Amino acid sequence: MRRRLLAAAVLVAAAIACAHPAQADLAQSTIVSANPVDWTPHVLDGTVWTMTVVGDTVVVGGAFTKVADSSRRNTYARKNIFAFDLNDGSIRPFAPDVDGAVYALAAGAGDTVYAGGAFKTVDGGSQRGLTRLSLTGQRVSSFGAKINWGDVRVLAARGNYLYAGGTFSAINGVNRDALARMNATTGAVDTGFDARLTAPGLSRTRVEHFDISPDGRKLVAIGALLKSGGYDRTQLAMFDISGPTAALTNWYTDAYKPQCMKGFDTYLRQVKFSPDGSYFVVAATGRASAPDRLCDSAARFETAGSGRHNPTWVQRTGGDSLYAVAVTGTAVYLGGHQRYFDNPYGTDAKGPGPGAVSRPGIGAVSPTTGRALSWNPTRSRGVGVRVFVVTSRGLFVGSDTDQLGHEYHGRVGMFPL
């Protein structure tokens, strides 16, 4: 315990001024500790879907109703969104009234945060799927973006722009299927930016997640998508966003064309660029793991070059879903409800195959080889990790369970460097 308290004290004393980046993850020089800090608060029900850092404040979104401080002596009503101090975990007064789940957050300028999700109202006013909030908890009225239906699942703010992905088909009456770019101040849709995503034969087009390269020039989108502007792009597409348009690149992969279990319109769940932008990693589910398919896997793809790309490596769980990924240069962190890594020949029914290693719910793999690293804090598996946030001091984790690193941590935890 003394070691944990000392580690926490070092973190508190440090001037942690880092923010969750709008694109890619921060580089870290080492792998984080397997011993989580003791000062993070607890979410007592539901699921944490998303987190971001705004200055010295961590904002948390999801589907929940109650939170408690790190001691669990004080409980607070917080519906779908709350905030805590990055340095000591104390819960902030920030408590906007959001009537539905918050799936996406992005840090904004001037101590504000963008939120996206399945909500329809914010503080009693109509604000479907998108809003901008002050850290005082008030809605920023000058930001007026609203989706027509569905939800927003991923957000990224960069410069004067806010990017959004989800299941919507229009924002502010402007048709945009699943991916849009807006003015970060007003929410007005950028009419020159249109990825022209379609999913012929599927019930709807959906961007499950996207990431923007560190230089701001590339955007990789994943989800229930099959074409962009008439060109085949099964579940994954890369765009050049350095200019005024969403220009589809000639980079592509057919690796996700093979089906997993029937009923999955997409089995891709998260994508993250490396800190140097040279590669990205995709986390996937699918319930049909096999050595010749990318179901229930993580896969690295190189960014450079044109034409067809195959994965550099594939990490297979043997039949358990991966939902979240973080890439720090020294490690690729993966979270889901997996039981094993290095398990291409294992299955749910038959158990682990040759060479499989136990990594319940969370683990790390080598960025170079994709093989499991020794880091193995464990967590209660539940449905899975939904979000990682990399800071210069450690790795935040958001999920739907309350055991992390053999300790009680209600749906939020942080592994320090």
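Conventions adopted
- Residues numbered from 1 in each chain as written.
- Predicted model: local features only at pLDDT ≥ 70, side-chain atom pairs only at ≥ 80, totals over all residues.
- Heavy atoms only, no water.
- Helix = DSSP H or I, 4+ residues; strand = E, 2+ residues; numbered from the N terminus.
- Rg over C-alpha atoms; globule rule 2.2 N^0.38 Å.
- Buried < 20%, exposed > 50% of the residue type's maximum accessible area, 1.4 Å probe, protein only.
- Contact = heavy atoms within 4.5 Å.
- Pairing = 2+ DSSP bridges.
- Core = buried A, V, L, I, M, F, W, Y, C linked by side-chain atoms within 4.5 Å.
- Axes fitted to C-alpha atoms, helices over the stretch in contact; angles between N-to-C directions.
- Phe/Tyr/Trp six-rings, centres within 6.5 Å; stacked < 30°, edge-to-face > 60°.
- Salt bridge = Lys/Arg side-chain N within 4 Å of Asp/Glu carboxyl O.

Going by what an unreviewed UniProt entry lists, the protein is known as Delta-60 repeat domain-containing protein and is assigned to Paractinoplanes globisporus.

Regarding its fold elements, the protein presents one helix and 39 strands. Rg of the C-alpha trace for the protein: 20 Å, near the compact-globule value of 22 Å for 417 residues, within the 12% margin. For the C-alpha atoms alone, the extent of the protein along its principal axes is close to 55 × 55 × 35 Å. Counting the 417 residues in the protein, one finds 58% classified as buried. Contacts spanning at least 24 positions in sequence make up 52% of the contacts within the protein whose residues lie at least 6 apart.

A word on the sheet that holds strand 21 (residues 231-232). Pairing is antiparallel across the open sheet formed by three strands, whose spatial order is 17-20-21. What marks the edges here is a single partner per strand, and that holds for strand 17 (197-198) and strand 21. Relative to strand 20 (residues 227-228), strand 17 runs antiparallel, the two sharing two bridges. Residue pairing across strands places Leu197 opposite Ser228, the latter belonging to strand 20.

Once that is clear, we can look at the nonpolar core. Among the nonpolar cores identified, the biggest contains 21 residues, and Val220, Leu236, Tyr256, Leu268, Phe280, Val282 and Phe301 are the most heavily contacted of them. If you list the elements that add at least two residues to this core, you get strand 19 (218-224), strand 22 (236-240), strand 25 (268-273), strand 26 (279-284) and strand 27 (297-302). Residues in contact with Phe280, not counting those within four places in the same chain, are Val220, Leu236, Met238, Trp251, Val271, Lys272, Phe273, Ser274, Ala299, Arg300, Phe301 and Thr303. Counting residues in each nonpolar core, the second largest holds 19 residues, with Trp39, Val53, Val58 and Val412 among its members.

Okay, unusual backbone geometry next. Despite not being glycine, Arg72 has its phi angle at roughly 65°, a positive value. The exposure class assigned to Arg72 is partly exposed, which follows from its relative accessible area of 48%. With a phi angle near 55°, Asp111 is a residue other than glycine that sits in the positive phi range. In this structure, Asp111 sits in the loop between strand 7 (102-108) and strand 8 (112-117).

On to the sheet that holds strand 36 (residues 394-398). Pairing is antiparallel across the open sheet formed by three strands, whose spatial order is 35-36-39. The open sheet has two edge strands, strand 35 (387-391) and strand 39 (412-416), and neither has a second partner. Sheet twist, expressed as the average angle between the axes of neighbouring strands with direction ignored, equals 20°. Sheet topology places strand 35 next to strand 36; five bridges connect them, and they run antiparallel. Looking at the pairing, Val390 lines up with Leu395 of strand 36.

Position of Gly100 among the secondary structure elements: in the loop between strand 6 (81-85) and strand 7. A relative accessible area of 11% means that Gly100 is categorised as buried. Note: C-alpha distance between Gly100 and Asn376 (276 residues apart in sequence) is 34 Å. Not counting residues up to four positions away in its chain, the partners in contact with Gly100 are Asn80, Ala118 and Phe119.

A word on the packing of aromatic side chains. Scanning all chains against the criterion turns up 15 aromatic pairs. An angle of 85° between the planes, with centres 5.9 Å apart, marks the rings of Phe64 and Phe82 as edge-to-face. Placement of the pair is Phe64 in the loop between strand 3 (57-63) and strand 4 (66-68) and Phe82 in strand 6, with a sequence separation of 18 residues. Accessibility classification places Phe64 together with Phe82 in one group, the buried group. Between Phe280 and Phe301, the aromatic rings sit 5.7 Å apart at their centres with planes inclined by 25°, giving stacked as the arrangement. Of this pair, Phe280 sits in strand 26 while Phe301 sits in strand 27; the two residues are 21 residues apart in sequence, bridging distant segments of the chain. For Phe301, a relative accessible area of 0% puts it in the buried group.

So, on to the pattern of salt bridges. Evaluation of the coordinates by the stated rule reveals 18 salt bridges. A salt bridge links Asp254 to Arg308; the shortest N-O distance between them is 3.9 Å. On the criterion of sequence distance, the pair formed by Asp254 in the loop between strand 24 (251-252) and strand 25 and Arg308 in strand 28 (residues 307-308) is long-range, its members being 54 residues apart. Exposure remark for Asp254: the relative accessible area of 22% places this residue in the partly exposed category. Through salt bridges with shared partners, one network takes in Asp151, Arg153, Arg206, Glu208 and Asp265.

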